[in-house]
There are 2 protein chains.
Amino acid sequence: MASVSKENYLKIIFYLKQHDVKPVSTSEIANELEISNAATSEMAKKLSESGLISYKKYKGIDLTPKGKKVALGVIRKHRLWELFLANVLGLSWAEVHDEAEKLEHISSEKLIDKIDEFLGFPEFDPHGDPIPKKNGKLPKLTGLVKLSEGKVGGIYNVIKVNDLDNELMNYLTRIGVKLYKQIEIVEKLIFDKSIIVKIDNHNINLSEKIANSIYITQLKNAELN
Amino acid sequence: MASVSKENYLKIIFYLKQHDVKPVSTSEIANELEISNAATSEMAKKLSESGLISYKKYKGIDLTPKGKKVALGVIRKHRLWELFLANVLGLSWAEVHDEAEKLEHISSEKLIDKIDEFLGFPEFDPHGDPIPKKNGKLPKLTGLVKLSEGKVGGIYNVIKVNDLDNELMNYLTRIGVKLYKQIEIVEKLIFDKSIIVKIDNHNINLSEKIANSIYITQLKNAELN
DNA sequence: TTTTTATCTTAGGCTTGCTTAAATTAATTA
DNA sequence: TAATTAATTTAAGCAAGCCTAAGATAAAAA
């Protein structure tokens, strides 16, 4: 079992690799984790000895398949916890990250699987990021569409909300917009491009700006509703 | 913020003090935590310096009000998590303890309060132990009665199950007996002292032995049902 | 290509929380 | 009360993870 620190190193390496093909440098990691380069070099040696990363002095770091598996496991735990904390326990979207950052390291597989089951095996977390499956597979974000691009009469699932603006996030929470929430587009007003949607059987008017911040995906069985 | 280790010391000291008026000795703590006496002596010095315990060399340890508050906070977290894991996420009664042992140290007050709220501010955990309130008050176990002592027609709440036997616990879980579950006594059979109860609208016959392992408390509004 | 600069690693040190072994204090018994 | 035994504390040391400062290597500039 990797320690909390080791899991965090592996997680960060995984994230840094997503944006770049080159090996990750020790200083990039040090920057992200806000620790010294020296500490990162030391840890690189240890992780390499455990077979979790491949590392050549001065040449940067790559995850081995074993290390990638650990990283994805941690990310899976993080994202499932975020979703659970937000949708089940009602913590604000601003709070869930820090809490999940701790929970991801101490939750057993069994507990995580129970949470996964409780949530109905969701594919995306409150930020719209894909939740790794038990087998390590990452769901693909296909057909990501803005609410403003949906059709009148269509029933959609919220799968991502731009969390750039905290005030917006709080407002959305207040009116009941949360991940996996069902939304029906009742009417699109042409003169101000706002949209009337039905949430929890209430009709609400959302401005163009808000409708552009909510990403949706069509329900597989939308026709049945 | 006390470290994980320090929280565990304080928690154990609190438990050991419950059974005895005398100060707790360092070796008792060492025994419980399965560490050396030397480590305990060292830690005693530190906790004393932080004002969490009162400690005189060779004379044993007592919690200060400050230390007691921390201990009760940890115990509150532990017991709320146990109940949540068992009743909401469906982990077995055997599993919840180890999981809660980790969760208790990394959960924010806010998260715990949300769990408390989600559970409806319960007073007892899956083992029937009282859950400290936010203010540190411990609910009293008054009127603890065995199911076998209940009245025919009475509607009761399960508040404690003797978890001495794992097979029994699993059986009870299977038939739906869990903490805070409502149980109605339908009939008491005299010839074998077994009891027919209604759980989830099903009638089940419980042997005398089982009925003696389930502790109940009368619902305040039993007459209204 | 050589020099300079930027990046990375090693060396030595610190803190937390543990260990074993030795020393000290308290308790028991003669 | 003194001697023995049991309990407790101190001393020295170890591992994990961090730090700063110094040294080594690679990259960029001259």
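It should be noted that the structure appears before, not after, this text.
Residues numbered from 1 in each chain as written. Chains lettered and ligands numbered in written order. Predicted model: local features only at pLDDT ≥ 70, side-chain atom pairs only at ≥ 80, totals over all residues. Heavy atoms only, no water.

J.: Help me understand the packing of helix α1 (residues 4–18) of chain A against helix α2 (residues 26–33) of chain A in this model?
T.: Packed helix pairs are specified by the crossing angle of their axes together with the interaxial distance, meaning the distance between the axes. Residue and element names in this part refer to chain A. Viewed as axis vectors pointing N to C, α1 and α2 meet at an angle of 110°, and their least axial separation amounts to 10 Å. As the angle between them shows, α1 and α2 are arranged roughly perpendicular. Here α1 runs over α2; the crossing is right-handed. Residues N8, Y9, I12, I13 and L16 of α1 form the contact with α2, whose participating residues are E28, I29, E32 and L33. When the residues that make up the contact of α1 with α2 are grouped by side-chain class, the tally is 6 nonpolar, 1 polar and 2 charged. (Axes fitted to C-alpha atoms, helices over the stretch in contact; angles between N-to-C directions. Helix = DSSP H or I, 4+ residues; strand = E, 2+ residues; numbered from the N terminus. Parallel < 35°, antiparallel > 145°, perpendicular 65-115°, else oblique. Left-handed = near helix turned anticlockwise from the far one by under 90°. Contact = heavy atoms within 4.5 Å. Nonpolar A, V, L, I, M, F, W, Y, C, P; charged D, E, K, R; others polar.)

J.: I would appreciate a short explanation of the nonpolar core in the present structure.
T.: As a rule of thumb, soluble globular proteins bury nonpolar side chains together. Counting residues in hydrophobic clusters, the biggest one holds 77 residues, and the most contacted among them are A:W81, A:F84, A:L147, A:I214, B:W81, B:L147 and B:I214. Setting aside anything within four residues of it in sequence, one finds B:L147 in contact with B:I183, B:I185, B:I195, B:V197, B:L206, B:A211, B:I214 and B:I216. (Core = buried A, V, L, I, M, F, W, Y, C linked by side-chain atoms within 4.5 Å. Buried < 20%, exposed > 50% of the residue type's maximum accessible area, 1.4 Å probe, protein only.)

J.: Just to check I follow, could you spell out the pairing of strand β7 (residues 202–206) of chain B for this structure?
T.: Put simply, side chains in a regular strand alternate between the two faces of the sheet. Residue and element names in this part refer to chain B. Of the pairings in the sheet, the one linking strand β6 (residues 195–199) to β7 comprises 5 bridges and is antiparallel in character. What sits directly across from V197, in β7, is I204. The loop that links β6 with its antiparallel partner β7 comprises 2 residues; one of these, D200, has a positive phi angle of about 50°. (Pairing = 2+ DSSP bridges.)

J.: Could you clarify how one ought to interpret the relation of the copies chain A and chain B in this entry?
T.: One chain copy maps onto the other through a rotation about an axis and a shift parallel to that axis. For the match of chain A to chain B, the screw axis carries a shift of 0.0 Å, the RMSD comes to 0.2 Å, and the turn is 180°. Such a combination of rotation and displacement between the chain copies is what one expects of a two-fold axis. For chain A, the residue whose C-alpha comes nearest the rotation axis is A:L103, separated from it by 3.7 Å. Taken as a fraction of all interface residues of chain A, those also at the interface in chain B reach 100%, which identifies the copy contact as same-surface. (Least-squares fit on C-alpha atoms with pLDDT ≥ 70 in both.)

J.: Mind showing me how you'd approach the protein's contact with DNA strand D here?
T.: Taken together, 21 residues sit near DNA strand D, with A:S3, A:S36, B:S27, B:S41 and B:Y55 positioned nearest. For DNA strand D, the backbone makes up 72% of the atoms found within 4 Å of the protein, where backbone means sugar plus phosphate. In the environment of DNA strand D, a base nitrogen lies 3.2 Å from a nitrogen or oxygen atom belonging to the side chain of A:E42. Every element with two or more residues in the surface near DNA strand D is listed here: α1 and α3 (37–49) of chain A together with α2 (26–33) and α3 (37–49) of chain B. Class assignment for the residues of the surface near DNA strand D results in 9 nonpolar, 8 polar and 4 charged. (Near = heavy atom within 4 Å. Polar contact = N/O pair within 3.5 Å; in protein donor to acceptor, adjacent residues only side chain to side chain.)

J.: Honestly, the protein's contact with DNA strand C in this entry has me stumped. Any pointers?
T.: The environment of DNA strand C is made up of 22 residues, and the closest members are A:S27, A:S41, A:Y55, B:S3 and B:S36. Of all DNA strand C atoms lying within 4 Å of any protein atom, the proportion belonging to sugar or phosphate reaches 74%. A:Y55 is positioned such that a nitrogen or oxygen atom in its side chain is 2.4 Å from a phosphate oxygen of DNA strand C. The separation between a base nitrogen of DNA strand C and a polar side-chain atom of B:E42 is 3.1 Å. Tallying contributions element by element places α3(A) first for the surface near DNA strand C, with 5 residues. Here the residues of the surface near DNA strand C are counted per class, giving 9 nonpolar, 8 polar and 5 charged.

J.: Where do I start with the environment of A:D125 in this structure?
T.: All names here are of chain A. For D125, the location among the structural elements is in the loop between α6 (109–118) and β3 (145–146). According to the relative accessible area criterion, D125 is buried, its value standing at 1%. In this structure, the C-alpha to C-alpha distance between D125 and A86, residues 39 residues apart in sequence, is 9.5 Å.

J.: I tried to follow the interface of chain A and chain B on my own but got confused; where do I start?
T.: Often, the extent of an interface is quoted as the loss of accessible area upon association of its parts. Taken residue by residue, the interface counts 19 residues in chain A and 19 residues in chain B. Of the roughly 1,600 Å² buried at the junction of chain A and chain B (both faces included), carbon and sulfur atoms supply 70%. At the junction of chain A with chain B, the criterion picks out 2 salt bridges. Put simply, chain A and chain B have 8 residue pairs in polar contact (both at pLDDT 80 or more) between them. Elements supplying a minimum of two residues to the side of chain A that touches chain B: α4 (65–87), α5 (96–103) and α6 of chain A. Counting residues per element, the side of chain A that touches chain B draws most heavily on α6(A), which supplies 5 residues. (Buried area = accessible area lost by both parts, 1.4 Å probe. Salt bridge = Lys/Arg side-chain N within 4 Å of Asp/Glu carboxyl O.)

J.: I'm lost on the packing of α4(A) against α5(A) in this one. Help?
T.: All names here are of chain A. The interhelical angle for the contact between α4 and α5, taken along N-to-C directions, is 135°, at an axis separation of 9 Å. The angle between α4 and α5 places the two elements in the oblique class. When you trace α4 past α5, the crossing you get is right-handed. Between α4 and α5, the contacting residues are H78, W81, E82, L85 and A86 on the first element and V96, H97, E99, A100, E101 and L103 on the second. Of the residues in the contact of α4 with α5, the class split is 6 nonpolar, 2 polar and 3 charged.

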